[in-house]
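# Structural description and commentary
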Amino acid sequence: MDDHPAGRAGRNLSWQLPEVEEILVQAHVVSLPLRTRFRGQTRREAMLFRGPLGWGEFSPFPEYQAGESAQWLRAGIEAGWQGWGEPLRRHIPINATMPAVPPEQVESVLTRFGAVDSIPAVKIKVAEPGQTLEDDVARFREVRRLVPHAGLRADANGGWSLAEAVPALERLAEVAGGNFEYAEQPVAGVEPLAQLREALADAGVSSSGSPLRIAADEAVRKAEDPLRVARLGAADLIVVKVPPLGGVERALQIVEQAGLDAVVSSALDTSVGLAAGLALAARLPHLPYACGLGTAALFEHDVLEDPLIPSAGLLAVPGAVEPSPEMLRRHRVSPEREQWWIARLRAAHQVLAAELLGLRA
Ligand SMILES: O=C(O)CCC(=O)c1ccccc1C(=O)O
Ligand SMILES: [Mg+2]
């Protein structure tokens, strides 16, 4: 557990990087409208490309620089040129994802994730800038009212301070009854998570008689060293996303080396990217929680004829997916935007090429 995975000559981690021009032979940049604002955005842009083995996605968020974006490119290239290995299961339980909406919108969001009685868990965004704890409590309460048997999770995206997080989680735990599965990245960083775990234990914040569990998200996907969380005992479980971790194979290694329970989640990917998340969830030997891969339900339009929307609380592991040419055309970005994405691709490719060279040296 002491090496950064990038420094390990692990299984299947060395590859032939395709040239940029080869990637661009069949590349499409789309802008997809969201139904509800998410991460402050109302549209999601993505570059999709076809390799010999199938489609891959490159969709780092607009503000991401080349260093961070290189991992996203690595994941997309893995999909098209490397493949994902053999699944251990055919269906993945899927949580609903609840953006920071007012309570009167909760029901309409939930119903997009299939019959509400079948939803195994709901991940609820909290600590949204500009909102208050009362907004979070009201949203939690409404979810609990509509799906009283679902597990509940709160995702603060690191938005609380330590001093805010303890009373906030105490409140939400009351509302959730025994159904509070975990709090995702309630505070930013790794050490603060470890401190919060102690503070919650001292304050006796619990669900179903056990201390409230803490999940690390940004502390894994945006960290120089994604395993520090595990080494410091800063979380009970980790959220793993294929694109920022550089692919299915690397994400698998991180989970294995962390030795913690893992929840696979999307990065608000199109259905092309979600297929990679499902491939990862299908390969994890132990999958104790529903995964956050139902986010196609938050899109007004997607690129597949049949987007990967959960039904009966599940998504089938699709293997290969094929975007519809009509959707790719309909949601195509402007030529200027396309050039911007190609420049991003080139910059990320350069970083990735240097990284892979370093590995081989
Ligand atoms: O986990 C889920 O339910 C959906 C994915 C999700 O919330 C997300 C999507 C894009 C960027 C960040 C996040 C996040 O978990 O913080
Ligand atoms: Mg999160």
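Sequence order sets the numbering: in each chain, residues are counted from 1 along the sequence as written. Chains and ligands are labelled by the order in which they are written, letters from A for the one and numbers from 1 for the other. Note on the predicted model: pLDDT of at least 70 is required for a residue's local features to be given, and 80 or more for side-chain atom pairs to be given and counted; whole-chain, interface and lining totals, by contrast, use all residues. Side-chain numbers here rest on the full set of heavy atoms in the structure, without hydrogens or water.

On average, residues of the chain score 94 in pLDDT, and 96% of them reach the 70 mark or higher. The low-confidence segment residues 1-10, where pLDDT is below 50, has 24 contacts with residues more than four positions distant or belonging to other chains. In predicted models, pLDDT denotes the confidence assigned by the predictor to each residue on a 0 to 100 scale. Two residues qualify as a contact provided that any one of their heavy atoms is within 4.5 Å of a heavy atom in the partner residue.

Okay, the environment of Ile238 next. Helix and strand assignments come from DSSP, with helices taken as H or I runs of at least 4 residues and strands as E runs of at least 2, each series counted from the N terminus. Looking at the secondary structure, you find Ile238 in strand S12 (residues 237-240). Between buried and exposed lies partly exposed: a residue is buried under 20% and exposed over 50% of the maximum accessible area for its type, with that area taken using a 1.4 Å probe on protein chains only. Classification of Ile238 as buried rests on a relative accessible area of 1%. Considering only alpha carbons, one finds Ile238 and Gly209, 29 residues apart in sequence, at a separation of 21 Å. Not counting residues up to four positions away in its chain, the partners in contact with Ile238 are Ala216, Val220, Val229, Ile254, Val255, Ala258, Leu260, Asp261, Ala262 and Val263.

Domain start and stop positions are those given by an automatic or database domain assignment. When the domains of the chain are assigned, the result is domain 1 (5-84 + 325-360) and domain 2 (91-316). Computed over C-alpha atoms, the centres of domain 1 and domain 2 are 24 Å apart. Taken together, the contact between domain 1 and domain 2 spans 35 residues of the former and 42 residues of the latter. At the boundary of domain 1 with domain 2, total buried surface from both sides reaches about 3,500 Å², with 60% on carbon and sulfur atoms. Here the quantity called buried area is the total loss of accessible area, with a 1.4 Å probe, experienced by two parts when brought into contact, counted for both.

Let's shift gears to the sheet that holds strand S7 (residues 151-155). Strands belonging to one sheet form pairs held by backbone hydrogen bonds; the direction of such a pair is parallel or antiparallel. Spatial strand order, S5-S6-S7-S8-S11-S12-S13: seven strands in an open sheet with parallel pairing. In the strand order of this sheet, the two ends are held by strand S5 (96-98) and strand S13 (261-264), each with one partner. Taking the axes of each pair of neighbouring strands and ignoring which way they run, one obtains an average angle of 25 degrees across the sheet. At least two bridges found by DSSP between two strands are what make those strands a pair. Sheet topology places S12 next to S13; four bridges connect them, and they run parallel. When the bridges of S13 are listed, Val239 appears paired with Val263. Only the stretch in contact is used when fitting a helix axis, every axis being a line fitted to C-alpha atoms; angles between N-to-C directions are given from 0 to 180 degrees.

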